[in-house]
Every structure is written in C-alpha cells, then in structure tokens.
Amino acid sequence: MIPLTRRAILAAALPAPALAQGAAWPDRPIKVIIPFPPGGPMDMVARMLEQLLPSRLRRQPIVVENRSGGGGAIAMDAAARAAPDGYTVIITTPGPGSVLQTLVPGIAYDSPRDFAGVTNMFESPSTLWVRTESPLRSFADVLDAARRQPGRLNFATTGIGGTPHLAAELLQMRAGVRFTHVPYRGAGPAQTAILAGEVDFAFLDLSGMLAAYRGGTLRGLAMAASERHPAAPEIPTVAELGVPGVEVASWYMVLVPAATPRDRIAALHRAIDDILQLPENRERFTGMGFRMKATTPEATDAFLRAEVTKWAEVIRVANIRPE
C-alpha cells in the first residue's frame, strides 16, 4: 500500500533542486499515461496533447504510454509511484480515478491522497436512452413504470461499477425506485441491447450515443447534468424533471503524483488550458457531446475528492460488488 504520508515523505526525500522552481523545466520528454488500450476518445485526447503540448512546454516531446489492465488500476498505481517531478502525467476517467479504490479490494492507491490535480479537461454527461419504438416516451414514464412494478424495468450497463451502472443506481437512490441491472461488456453491446429491445433503457454517455440519436434510432429522455448540453439542447436534465442530485458524467482528468512542485503543475495547467481554449477544439469537442471544463488545479482536487466520496456512498448503499 502507498502510505498515508506519501505526499509529505516524497516532498521531504527530494533534494532541494528538485523542488525548487527552475526555468529549465521541462528539459526532457514528458510521459502521458493512458489507462486504456489505444483507440477511442481517450486516445484522441492523448494524441491532441502529443501534437500541441510541445510548443507550449519548451519544445519537449510528449510520449504517450497506453498502460491497460485492471480496469485502469495498473496505470493509476504506476503513476502514483512515479517520481513527482512533472515528467509523468496520467489522464484518467471516473472508473480508475474515483470508483475502483472503493469497489475493488486491495487497490493500492488513493486518488485524492496520491495525486494532485492539473485540470479536469472536459466531460460527457450520462443520458438516459431508450429505443425510438419504446413505449417509454418520457422520463416520467420510466419513474411511473418503476413505481407501479418495482424491478420490472431493466437497464443495460457497460459492466458492474461503470459510470452507466452508477448513474442508474444513483437515480434509484434519489427517486426511490427500483430497476433490474443487466450488465454487458462495453457501450457497444449495451447500445445493441437497447436497440434490440433486450432491455428497457440505459444511461450512456452523450458523446458515444449522439450518432444514433441524430440518426433517429435512440431517444434521450433525461440528462444527468446540471444544465442542458448544446449538442442536444432538447434533452432536459433529470433535475428539471423533478429528481435533483443526479449528476453523472464521464470526465477526462489530468493528474500528477502528489508531491509534484506546484509551479510545474501550474505550467502544465496553463499549457493544457491554452489548447482547450482554442476555438477549433471547443467547437470540435462540444459538437461531439463533451462539455469543456478546464478546471484549475485546486478545483480539480476538490472535484476528485467529491467524486470519490459520492461513488463510495453509492457503492455502499447499493451493495455493489466487483465481477
């Protein structure tokens, strides 16, 4: 296990020059760890940083390392144990970043303790989807059916403990209803199950379902977000429809080892924020169903702590156990 005093111990153990501000940083390549195999939105984000960060960080190359396994835990543990010198960065998502440490016994890292936030780049809100032909025409229909016959409606997820699972569990807690969970292996199979009528609904990311929604094969009934999304402004939020406290998104957060010097964290934040604020990137990612966040390091730390706390409660109350 990484000790509770890791931040203090690492800071004390580093020689003074390593902690001092230095204009020479970075003077060698920066490694960006991705906790998943190549492909998908995460890899697209990594390649964007690989292309655009060097010009903002003294022309030093960005080396992307896909380190999959353990649902992202292997990469998180490796990043937590890396030298806190600003040369190792990890981009993580809710599963490895805020869920696994509660869900899976024996996880060695504790995200708020072992990492410092650089920025939460953007997020895609979980959205409740049904097939176009579904008799469930509205969010109210879903709740009414669940109240009339608890457990009759079933929902697809990408697997136990994934964001779609936790979103549905959180809705059950907040609305006082009960559904039946049907886990699949990934968003693709879950979407197929909705379209085939194998399940009644699913909470899946807006970004992954926009094509099917725009193509007319899926209907979005409610969005688990604080506000509507410009890519699908006609989909109301769960709170608008009478159930507050259901805000769930797949986020893309940049973290570094806990004792990384604050000036280097600030420099990384400025460089990434500059990329995210480019009009072409804002338009591109918003159109894909993401919401740009670009939070400060301090806000990122606070958000990560809140996410860990929120999902720990859901996992405990719903008695979720890993596969």
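These lines cover the structure that appears in this document, whether it is placed above or below. For every chain, the first residue of its written sequence is number 1, and the numbers climb from 1 along that sequence. Whole-chain, interface and lining totals are the exception, using all residues; otherwise, since this is a predicted model, local features are given only for residues with pLDDT of at least 70 and side-chain atom pairs are given and counted only at 80 or more. Values shown for side chains rest on all heavy atoms present in the structure; no hydrogens or waters enter the calculation.

Here we come to the packing of helix 8 (residues 163-175) against helix 13 (residues 297-318). Convention adopted: a line fitted to C-alpha atoms gives each axis, helices being fitted over their contacting stretch, and angles between N-to-C directions are expressed from 0 to 180 degrees. Numbered from the N terminus, helices here are DSSP runs of H or I no shorter than four residues, and strands are runs of E no shorter than two. Direction vectors running N to C along helix 8 and helix 13 enclose 70°, while the axes themselves pass 10 Å from each other. The pairing of helix 8 with helix 13 is recorded here as roughly perpendicular in orientation. Together, Leu166, Glu169, Leu170 and Met173 of helix 8 and Trp311, Glu313, Val314, Ile315, Val317 and Ala318 of helix 13 make up the contact between the two elements. Here roughly perpendicular refers to angles of 65 to 115 degrees, roughly parallel to angles under 35, roughly antiparallel to angles over 145, and oblique to all remaining angles. In this description, contact between two residues means that some pair of their heavy atoms is separated by no more than 4.5 Å.

The next thing to look at is the packing of aromatic side chains. Whether two aromatic rings pair depends on their centres lying within 6.5 Å, for rings of Phe, Tyr and Trp, where Trp uses its six-membered ring; planes under 30 degrees apart make the pair stacked, over 60 edge-to-face, and the rest tilted. Tallied over the full model, the rule gives twelve aromatic pairs. Here Phe155 and Phe201 contribute two aromatic rings whose centre-to-centre distance is 5.8 Å and whose plane-to-plane angle is 25°, an arrangement assigned as stacked. Residue Phe155 is found in strand 5 (residues 154-157), and its partner Phe201 is found in strand 7 (residues 201-205); the two are separated by 46 residues along the sequence. Pair check on accessibility: Phe155 and Phe201 agree, each one buried. Note on Tyr252 and Phe290: the rings are 5.6 Å apart at their centroids and 80° apart in plane angle, and the pair reads as edge-to-face. Here Tyr252, found in strand 9 (residues 249-257), pairs with Phe290, found in the loop between helix 12 (279-287) and strand 10 (291-292); they are 38 residues apart in sequence, far enough to count as distant. Both residues of the pair, Tyr252 and Phe290, belong to the buried class. Put simply, the rings of Phe122, Tyr252, Phe285 and Phe290 touch in pairs and so form one group of aromatic residues. Relative accessibility under 20% of the residue-type maximum defines a buried residue, over 50% an exposed one, and the middle range a partly exposed one, all with a 1.4 Å probe and only protein chains included.

Bringing the nonpolar core into the picture now. Side-chain atoms within 4.5 Å are what join buried Ala, Val, Leu, Ile, Met, Phe, Trp, Tyr and Cys residues into a set we call a nonpolar core. Counting 34 residues, the largest nonpolar core has Ile91, Met121 and Phe122 as the members making the most contacts within it. Among the secondary structure elements, those contributing two or more residues to this core are strand 1 (30-34), helix 3 (40-52), strand 2 (62-66), strand 3 (88-92), strand 4 (115-131), strand 9 and helix 11 (262-276). It is helix 11 that provides the largest number of residues to this core, a total of seven residues. Leaving out residues up to four positions away in the same chain, Met121 has contacts with Val45, Leu49, Ile91, Tyr252, Val254, Ile272, Leu276, Arg291, Met292, Lys293 and Ala294.

Turning our attention to the layout of surface pockets. Lining residues are those with an atom within 4 Å of a point, where the points come from a 1 Å grid over the protein atoms alone and group into cavities, where a 1.4 Å probe fits but cannot get out, or pockets, open sets with protein on both sides within 12 Å along at least five of seven lines. Grid points are joined across faces, edges and corners, and a volume is the space filled by probe spheres set on the points. By volume, the largest pocket is sized at about 1,100 Å³. Residue lining of the largest pocket: 37 residues in total, with Phe36, Thr93, Thr158, Thr163 and Ser250 positioned closest to the centre. Elements with a contribution of two residues or more to the lining of the largest pocket: helix 3, helix 5 (94-103), helix 8, strand 7, helix 10 (206-214) and strand 9. Basically, the charged four are Asp, Glu, Lys and Arg, the nonpolar ten are Ala, Val, Leu, Ile, Met, Phe, Trp, Tyr, Cys and Pro, and anything else, Gly included, counts as polar. Residue composition of the lining of the largest pocket, grouped by class: 19 nonpolar, 15 polar and three charged. Within this model, the second largest pocket holds a volume of roughly 240 Å³. The wall of the second largest pocket is formed by 17 residues, among which Glu123, Glu247, Ala249, Lys293 and Phe303 lie closest to the centre. Counting residues per element, the ones that place at least two in the lining of the second largest pocket are strand 4, strand 9 and helix 13. Per-class residue counts for the lining of the second largest pocket are seven nonpolar, three polar and seven charged.

A few words now on the pairing of strand 2. Sheet topology places strand 1 next to strand 2; five bridges connect them, and they run parallel. The partner of Val32 across the bridge, within strand 2, is Val64. We call a crossover right-handed when, viewed with both strands directed away from the observer, the connection leading from the first strand over the helix to the second proceeds clockwise. Read from strand 1 through helix 3 to strand 2, the crossover connection turns out right-handed. Strands were regarded as paired on the criterion that DSSP finds at least two bridges between them.

Turning to helix 5, a few remarks are in order. Among the ten residues that make up helix 5, eight are buried, leaving the element largely enclosed by the rest of the structure. When we look at burial in helix 5, the residues that qualify are Pro94, Pro96, Gly97, Ser98, Val99, Leu100, Gln101 and Leu103. Packed against the buried residues of helix 5 are helix 4 (73-81), strand 3, helix 6 (111-114), helix 8, strand 9 and helix 13.

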